[in-house]
Each structure stands twice: as C-alpha cells, then as structure tokens.
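In case you want the letters, here they are:
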Amino acid sequence: MSPDPAPTAQPARRGGQGDLGFRVSTGAFALLVLVIVAAIGVVLTAESWLSIRRFGMGFWATTTWDPVAGDFGALPFIWGTLYSSILALLIATPVALGIAVFIAELCPAGLRTPLVFLTELLAAIPSIVYGLWGIFVLVPLVRQLEIWTPEFLKQVPLFTGPPLGVGMLAAGLILAIMITPFTSSVAREVLKAVPVEQREAAYALGATRFEAIQAALYYARTGILGAVMLGFGRALGETMAVTMVIGNSAQISMSLYAPQYSMAAVIANEFTEADTALYLDALVEIGLVLFAITLLVNILSRALIWSMTRSFKKAAVPALPPAAPEPAA
Amino acid sequence: MTAATWRKIKSGIFVSFCALSIAVALVPLAFIFFFVLKEGLQALDYDFFTQMPKPVGEPGGGMANAIVGTLIIVGLGALFAIPTGIMSGVYLSEYAGTRLSSAARFAADTLNGVPSIVIGMFIYTIAVLPVKQFSALAGGLALGVMMIPIIARTTEELLLLVPGSMREGALALGASRAQATFSVVLPAALPGILTGVVLALARIAGETAPLLFTSFNNRFFNTTLTQPTASLTVTVFTYAISPYEDWHRQAWAGALVLVAIVFFCSLLARVATRRLEKMRGR
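Please read these numbers as outputs of a predicted model, since none were measured by experiment.

**Details of the overall build of chain B**
The number of helices and strands found in chain B is 10 helices and 0 strands. Ordered by position from the N terminus, the helices and strands of chain B form the series α-α-α-α-α-α-α-α-α-α. With the C-alpha coordinates of chain B rotated into their principal frame, the extents come out at 70 × 70 × 35 Å. Going through the 282 residues of chain B one by one, you find that 51% of them count as buried. Taking all contacts inside chain B whose residues are at least 6 apart in sequence as the whole, residues at least 24 apart take part in 73%.

This is the structure in structure tokens:
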C-alpha cells in the first residue's frame, strides 16, 4: 500500500502517517453525507415495496384513496403538488427576477444590504408561521376574493366552486411568497457573475438601461433558468404551509377555488394514522417519488447554474440557501 | 413618437416593474410581521414560558414543555450535525479535487434540497419503526440530517477564504497537514463558521415536518431522550388546526417566539459578518 495517497506533490516527510489519518477521518465524514443521501433512496424504496409490488405504475394513474378498503391511488396528490407548484412558479418568477435585477443592477449601493437582509428574512421565516398566517389571515382574504368573483367568471373552469377560502389559490399564493426569496437570491448571484463588460458594451452602443439589462439577462439565461427551477424544487417539497391552506381533499380539479391535496400534505396528515402495512407503504411510496422528483429538479437546476457560473472562473457558485452567510458583501 | 423616446419609456416601465417587485415581496413580509406581532404579543405572557398545557377546554396554560423539548431536540441535532458538518467541510476544502469530495459536495447540495417531510419519513423508518417508539433522539437525528449539508458547505466556503499563506507558513514550520488545518486554518475561519452554525440552528429550530413522526408530540413535560417529546413547532401546528379559540391564541404566541428566534439569529449573524469583514480590513 502506498504510504501517502494525499494529492500533494511533495514527498511525505514527517507526519505522513498523520496526513493519512487526517484524510481518512475527515473523508469518513464526507462519505457519511453521501451515505445518508443514498440511504434515503434505498430505505424508502425498501419500505414502500409492498405498495410498489401491489399497485405498480397504476398507483400513479388512479384516483381512489381508500385506506379502509386498502385501495390506493396517488394521482390526486401528484396533481395537487404539480398544480400548486406551477401556480406558485407563475406568480413568483416575475417578482423574483424583478427583485434580483433591482438589487443587482439598479438599486443604490446603500440600499442593497438592507434589501438583501429583508428578502432573506422572508426565506428564514419558518414554514409553520407561514401556515398559521395562511389559515388566519390569507385564507379569509382569499375567501373574500372568491365571494366577490363576478358571476360570469364563475362559469370558467378555473374559478368554479363554492368560496371556501382554503384551496389551490391559497396554496399557490403562500408557496409563491415562500419561494420568491430563493429564486431571487440565486438569480442575483447569477447576474453578479455576468461580466461587467457585457453591460458596458451594451451602454457603449447606446442601449437604454432596459436593453443593457436585457443583454445581461440573456447572457445569464441558463443560470436564471436554474434559479427558477431551484424555486420550483422548494415548492414541490414544501409541507406545513401547504397542508394548512390547501384544503386536504383528494380530488382533481382545474379550479383554483377547489380544496385539493398535495403529496407532502397527505404524508404529514396520514402517516401516523397508517394502521396497515400497505397503507404505510403507499404513503412511503409517495415520499419516495417526492424525493426522486425533487432530486431530479435540484440536480438539473444546479447543473444549469453551474454551467453558467463555471465559464467565469472564481464566480462564487450560489450553492446554499440564503441562510448561509455571505462571506463577502 | 420617435423610436428613442419609445425605448426610453420601455426602459422606464422596466425599472418601475423591478422596483415594484421589491414592494410586492415586502408587503407579505410586513403583513406577516404585523400579524405575528399583534396576535403574538396579545397572547404572550409569563405563563406561556412557565406553565404546562392545560387540559382541552380549560383556558390558560403555556408551552413550557414544548420550549424545553425544542431546546433538547435542536441540541441533539446540533450535537450530531456540528462535528459531522465541520469535518466533512474540512475534507471538502482540503481535498477539493478528489472524486469523493465532488461526490460529497454534490450529495450535500442534494440533501439540502430534499423536502424536510421526506427526511422525517426516512428517520421514522430507521429510528422509530425498529423500536416502535417516537423519541427526542429520532427528532434530533432528523434535524441533524438537515443541518449537516448547511454546515458542511459553509465550513468549506469559509476555509477556502483563509489565505493560503497561513497554511503554507504552518507547513513550512514542519506542521503536518492535520496540524496546519486544525490549529491554524480552522481557527482563522472559526468565527465565520460559528455564524453559519447559528443561522443553521435558527433555520432548523423552525422546522415542523421532520418532527411530526420522529419526536411526535407530548402533552407532558419530558426530558427522557427515548420518549415522545413536544416541540414548539409541532405544538403550534396542533394548536393552529384545532377548533379552540384559546389554542389559536397560544399558537400565535408560539409563532412570535419562533420568529423572534429567527430574527435575532439572523441579525446576530449579520452583525458578526460585518465585524469580521472589518477585522479583515475590507
């Protein structure tokens, strides 16, 4: 066995063995992170085997959710998760990009730090607090809005149903508020990575501010797409706030006003009540697929951000959520 | 209208839209803060911190058990995640080019994006199901798993900021790589790492979903680590969806405490970062 596998070019003198020990011991912890992620996939697959064997792909295509009869289909939950997340994305993306552009390109330097702090605060508020606020403040407001909806609009499939307050609209709104800071902080980092020459060139050609920023945005498009997808990933997995306002009703409806359900919400509500092995396994299978979807979305978004920032060496990769401290302002 | 005027108008509209976006995002923030403060302050009293929950239907009481429970569970999570996170962060920065470090960095970022409810489910199957017992330990484990990637990546980033000359100096004096790292480089980065840890703690203290089926809930005072344990967040959830007016009131008080924790930790971290930058002469 080679005495020192460390990649240092220098021949190991004193402390060669110590270096090996150092490498192995810290490496073990790094390996642990890898093991945890792998274990989540393996354990959830093993634990949902009963349901996977029993229902196969039909699990994702049927709408019956009847724990008493032991009949499980997860289509309504997938529908609710996708619907609420896409709705949130549609609302949040323009706002988040607007914020990113304002902070990165437009605002006076003195205003930058407080604005960053405030938007990051939005990301730091616990999801349970969003949920509580959702139940007692947002839902009554949404209900008012639903009551005020003019009759002719209520014929449109998007706005049918009684004004309950809880439902898809409330869930989409609260998710939009929650993911905005994530998308905007990553988009801001991506914009920062655009070489300043890009804008200078645009201005030199007589571009207006809008046109110069447009050029920068175009230049950063892959990274921006990554930022948007990162927000989408957050929305897909968000649990508490959605559980509290979506209405928890396993149905598939186009209507924004209809109470529906999401994958994370059904797990949160029913997991401790699962009294049969099949019931439990069906819920774990939902968790497994939620894990797989968020994994894919995250990998894709990181790949996009990475391919964008890689080309400008030394540009800090915006890896962590806003909770991480910014070492250099 | 000339083309130039139209372009200027378009630019103006765009700039106003961006400024408006800020307002749109800050309105919910102000709205949430307003309600949490208004409802929370009305409900928050001495009893909230010192009293146990009263039986259903009786008004009054507090969340003393849940506050202690949260401290225990978050403490356990920190105990588990801080060493793991810092050590793997050290590896990520020290052996940045290796295949293991690329894989672990990727895994950390992935883990960071895994929905917290899925992590709760994972810990349930490995730490609750085999012993058929919800416990503070399982809750701590779930929170720990969530903290590890944050701490690891923060540590890595801050270690990379330490000037290479410091490490080279130590190595030139005959220190081994481990000595150079642990007695020179890591201490230099420590204030920043601690700031990251504080932020991670604040974020994790507000988590509900991973605790729902790991530490579960408890109406009584409990400090035994192998027993179901109440936490502020799960109690707020239970109270919020209950039909009782008095429980709603207490849920707001709980929310206020949670927001206060997050706010002060963020502020503390901000101030600490600012001071650090000054010390480095930037």
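Having put the structure on the table, let's press on.
**Observations concerning the nonpolar core**
One finds Ile 174 and Val 245 of chain A to be the most contacted residues of the largest nonpolar core, which totals 192 residues. Not counting the four nearest positions on each side in its chain, Ile 174 of chain A is found in contact with Tyr 130, Gly 134, Leu 138, Ala 241 and Val 245 of chain A.

**Description of the interface of chain A and chain B**
At the junction of the two partners, chain A supplies 77 residues and chain B supplies 91 residues. Residue contributions to the side of chain A that touches chain B peak at 18 residues, all from helix α1 (residues 16-47) of chain A.

**Examining the packing of helix α13 (residues 277-310) of chain A against helix α4 (residues 99-113) of chain B**
Their axes nearest at 9 Å, the elements α13 of chain A and α4 of chain B cross at an angle of 125°. Between α13 of chain A and α4 of chain B, the crossing angle belongs to the class labelled oblique. As α13 of chain A runs across α4 of chain B, the sense of the crossing is right-handed. Within the contact between the two elements, α13 of chain A uses Thr 294, Leu 295, Asn 298, Ile 299 and Arg 302 of chain A and α4 of chain B uses Asp 109, Thr 110 and Gly 113 of chain B. Among the residues forming the contact of α13 of chain A with α4 of chain B, the class breakdown is 2 nonpolar, 4 polar and 2 charged.

**Thoughts on the packing of helix α5 (residues 127-148) of chain A against helix α7 (residues 168-192) of chain A**
For any two helices packed against each other, the geometry comes down to the angle between their axes and how far apart the axes lie. All names here are of chain A. The geometry of α5 relative to α7 is characterised by a closest axis approach of 10 Å and an angle of 130° between their N-to-C directions. Judged on the interaxial angle alone, α7 and α5 are oblique. Read as a crossing pair, α5 and α7 show a hand that is right-handed. Taken together, the residues of α7 that come into contact with α5 (itself represented by Tyr 130, Gly 134, Leu 138, Val 139 and Val 142) are Leu 169, Ala 170, Leu 173, Ile 174 and Met 178. A per-class count over the contact of α5 with α7 returns 9 nonpolar, 1 polar and no charged.

**Some points on helix α5 (residues 116-128) of chain B**
In terms of residue burial, α5 of chain B counts as a mostly covered element, since 11 of its 13 residues are buried. Along α5 of chain B, the residues that are buried comprise Ser 116, Ile 117, Val 118, Ile 119, Gly 120, Met 121, Phe 122, Ile 123, Tyr 124, Thr 125 and Val 128 of chain B.

**Thoughts on unusual backbone geometry**
Residues and elements named next belong to chain B. Not every positive phi belongs to a glycine, and Lys 132 is a case in point at roughly 50°. Summarising the element assignment, Lys 132 is placed in the loop between α5 and α6 (136-161). By C-beta crowding, Lys 132 is classed as exposed, having 6 other C-beta atoms within 10 Å. You will see that Phe 216, though not glycine, has its phi angle at about 60°, which is positive. Relative to the elements of secondary structure, Phe 216 occurs in the loop between α8 (177-205) and α9 (232-240).

**Considering the confidence of the model for chain A**
All names here are of chain A. Chain-level statistics for chain A give a pLDDT mean of 88 and a share of 89% at 70 or above. Scored below 50 in pLDDT, residues 8-15 makes 5 contacts in the model with residues more than four places away or belonging to other chains. This model gives residues 313-329 a pLDDT under 50, and the stretch forms 46 contacts once residues within four places in sequence are excluded.

**Comments concerning helix α1 (residues 3-43) of chain B**
Here α1 of chain B is 41 residues long and its end C-alpha atoms lie 60 Å apart, about the 60 Å a rise of 1.5 Å per residue gives. Cys 18, Ser 21, Ile 22, Val 24, Ala 25, Pro 28, Ile 32, Val 36, Glu 39 and Gly 40 of chain B are the residues of α1 of chain B that are buried.

**Looking at the environment of Ser 84 of chain A**
Along the chain, Ser 84 of chain A turns up in helix α3 (residues 75-106). Ignoring sequence-local partners within four residues, the contact set of Ser 84 of chain A consists of Met 168, Ala 171, Gly 172, Leu 175, Val 242, Ile 246 and Ser 262 of chain A.

Rules behind the numbers
Residues numbered from 1 in each chain as written. Chains lettered and ligands numbered in written order. Predicted model: local features only at pLDDT ≥ 70, side-chain atom pairs only at ≥ 80, totals over all residues. Helix = DSSP H or I, 4+ residues; strand = E, 2+ residues; numbered from the N terminus. Buried ≥ 20, exposed ≤ 12 C-beta atoms within 10 Å, placed from the backbone. Contact = placed C-beta atoms within 7 Å. Core = buried A, V, L, I, M, F, W, Y, C linked by C-beta atoms within 7 Å. Axes fitted to C-alpha atoms, helices over the stretch in contact; angles between N-to-C directions. Parallel < 35°, antiparallel > 145°, perpendicular 65-115°, else oblique. Left-handed = near helix turned anticlockwise from the far one by under 90°. Nonpolar A, V, L, I, M, F, W, Y, C, P; charged D, E, K, R; others polar. pLDDT = per-residue confidence, 0-100. Expected span 1.5 Å × (residues − 1).

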